[in-house]
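# Tertiary structure, described
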Amino acid sequence: MTEIISKPFDWNDNFSEVAQEDFSLIQKSLSYGTASSIGMALAKLELLEKQGCKVEPQESEVTE
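First things first, this report covers the structure right here in the doc. Please read these numbers as outputs of a predicted model, since none were measured by experiment.

Moving on, we get to the overall build of the chain. Helix and strand counts for the chain come out as two helices and zero strands. Here the C-alpha radius of gyration of the chain, 16 Å, is well above what a compact globule of 64 residues would show, namely 11 Å. Taking the principal axes of its C-alpha atoms as reference, the chain extends roughly 45 × 40 × 20 Å. With 64 residues in all, the chain has 8% of them scored as buried. Looking at the chain as shown, the accessible area adds up to about 6100 Å², and 57% of this sits on carbon and sulfur atoms. With 5 positive and 12 negative side-chain charges, the chain shows a spacing of 10 Å between the two charge centroids.

Below, the structure written as structure tokens:
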């Protein structure tokens, strides 16, 4: 039996590694320009994650 656990989405989760793996599965079916744009965006995401950049919640999203 498999247990499924859900948790709220967090913008500060590190998704770049998973996203790059998923991208590699579809990259060949995309045009060169599209694949390049997505690849550059994923590289930037990875760099931001490594630098420790965090997304701060807006005041309207903060709950007390």
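Attention now moves to the pattern of salt bridges. In the structure shown here, the tally under the stated rule is one salt bridge. Note that Lys 50 is salt-bridged to Glu 46, the shortest N-O span being 3.2 Å. Taken together, the residues span about one helical turn, with Lys 50 and Glu 46 both in helix H2 (residues 32–51) at a distance of four residues. The exposed category is assigned to Lys 50, whose relative accessible area is 65%.

Moving on, we come to H2. Look at H2: 28 Å from first C-alpha to last across 20 residues, which is about the 28 Å you get at 1.5 Å a residue. Taken together, the buried positions of H2 are Ala 35, Leu 42 and Glu 49. End-on, the buried residues of H2 take up no more than an arc of 55°, which puts them together on one face. What points out from H2, more than 90 degrees from its buried face, is the exposed set Tyr 32, Met 40, Lys 44 and Gln 51. Residues of H2 that are buried make contact with helix H1 (16–26).

Taken together, the side chains of Phe 9, Trp 11, Phe 15, Leu 45 and Val 55 define a hydrophobic patch exposed on the protein surface, amounting to about 540 Å² of accessible area. The topology assignment puts Phe 9 in the segment before H1.

With respect to the element layout, Glu 49 can be found in helix H2. Here Glu 49 sits buried without a salt bridge, and the closest side chain of opposite charge, Lys 50, lies 8.4 Å off (N-O distance). In this structure, Glu 49 is in contact with Asp 13, Asn 14, Phe 15 and Ser 16, ignoring residues within four places of it in sequence.

The rules behind each value
- Per chain, the residues get numbers from 1 upward, laid out in the order the sequence is written.
- Note on the predicted model: pLDDT of at least 70 is required for a residue's local features to be given, and 80 or more for side-chain atom pairs to be given and counted; whole-chain, interface and lining totals, by contrast, use all residues.
- The side-chain figures draw on all heavy atoms in the structure; neither hydrogens nor water molecules are used.
- In DSSP terms, a helix is any run of H or I states spanning at least four residues, a strand is any run of E spanning at least two, and both are numbered starting from the N terminus.
- Every radius of gyration here is taken over C-alpha atoms, with the globule rule written as 2.2 Å times N^0.38, N being the number of residues.
- Only protein chains enter the area calculation, which uses a 1.4 Å probe; residues under 20% of their type maximum are buried, those over 50% are exposed, and those in between are partly exposed.
- Accessible areas in this description were obtained via Shrake-Rupley with a 1.4 Å probe; residue shielding takes into account the shown protein chains only.
- Think of it this way: Lys and Arg go in the positive column, Asp and Glu in the negative one, and His and the chain ends go nowhere.
- The atoms used to mark charge sites are NZ of Lys, CZ of Arg, CG of Asp and CD of Glu.
- For this analysis, a salt bridge means a side-chain nitrogen from Lys or Arg found within 4 Å of a carboxyl oxygen belonging to Asp or Glu.
- Expected helix span is taken as 1.5 Å per residue step, with the number of steps being one fewer than the number of residues.
- Here, the arc refers to the directions that run from the helix axis to the C-beta atoms.
- Should any heavy atoms of two residues lie within 4.5 Å, those residues are considered in contact.
- The patches reported here contain residues having more than 30% relative accessible area and no salt bridge. Joining distances are 9 Å for like charges and 5 Å for nonpolar side chains (Val, Leu, Ile, Met, Phe, Trp, Tyr).

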